[in-house]
Amino acid sequence: LGPRRRLASLQEMVAVAKTEQTRLWTKGAILGYKRGKTNQYTHTSLIKIDGVNERTAVDFYLGKRLAYIYKAKREVDGSKFRVIWGKVCRPHGNSGVVRAKFAKNLPPKSIGGRVRVMLYPSRV
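Procedures and definitions
Just so you know, the residues in each chain are numbered from 1, in the order the chain's sequence is written. Local features in a predicted model are, by the rule used here, given only for residues with pLDDT of at least 70; side-chain atom pairs are given and counted only at 80 or more, and totals for whole chains, interfaces and linings are based on all residues. Excluded from the side-chain calculations are hydrogens and water; all other atoms, namely the structure's heavy atoms, are used. Strand pairing requires that DSSP identify at least two bridges connecting the strands. For helices the rule is a DSSP run of H or I covering at least 4 residues; for strands it is a run of E covering at least 2, with both sets numbered from the N terminus onward. Here an angle of 0 to 180 degrees is reported between the N-to-C directions of two axes, which are lines fitted to C-alpha atoms, with helices fitted over the stretch in contact. A simple rule labels every residue: compare its accessible area, found with a 1.4 Å probe on the protein chains alone, to the largest value its type can have, and call it buried under 20%, exposed over 50%, or partly exposed in between. What counts as a ring pair is set by centres within 6.5 Å for rings of Phe, Tyr and Trp (its six-membered ring), and what kind of pair is set by the plane angle: stacked under 30 degrees, edge-to-face over 60, tilted for all other angles. Put simply, a charge is over a ring when the Lys NZ or the Arg CZ is close to the ring centre, within 6 Å, and near the line of the ring normal, within 35 degrees.

Here we look at the sheet that holds strand β1 (residues 25–35)
Strand order in this closed barrel of six strands is β1-β2-β5-β4-β3-β6, and the pairing throughout is antiparallel. Across this sheet, the average inter-strand angle for adjacent strands is 45 degrees, counted without regard to direction. Pairing of β1 with strand β2 (residues 40–49), which is carried by seven bridges, proceeds in the antiparallel orientation. From the neighbouring strand, Gly 32 faces β2, where its bridge partner is Leu 46.

As for the environment of Arg 65
Residue placement: Arg 65 occurs in strand β3 (residues 65–76). Here Arg 65 falls in the partly exposed class, since its relative accessible area comes to 31%. Along the chain, Arg 65 and Met 118 lie 53 residues apart, while their C-alpha atoms are 5.3 Å from each other.

Some remarks on the packing of aromatic side chains
Considering all chains together, one arrives at two aromatic pairs under this definition. Note on Phe 60 and Tyr 61: the rings are 5.0 Å apart at their centroids and 90 degrees apart in plane angle, and the pair reads as edge-to-face. A relative accessible area of 42% places Phe 60 in the partly exposed class. Between the NZ or CZ atom of Arg 23 and the centre of the ring of Trp 25, over which it lies, the distance is 4.7 Å.

Structure (structure tokens):
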């Protein structure tokens, strides 16, 4: 490519980048609590991250922040949305599920719900 064509393609890329929305999180699903045959441990939640299907792929997400966002009835600081923050602790099994701990235990109604897996803090 000549210098003019290279400049034009760069300008096109910048124009596209300005119009496209980017997000700093990926989707995850809450599977439930860590449990055995008889006991369940509500202080640890099991999260399935979209696109993560094996144990080795979990390494990137270790230490990443999680946000469970829910809507409440009463408005606080101009918003009805609340957040419970957590972080990815370790893998769970071989299929890409992770164990996570939240600042407060997730409520039972959150099971089957969505969680945001933030792409920070970076360990790179």
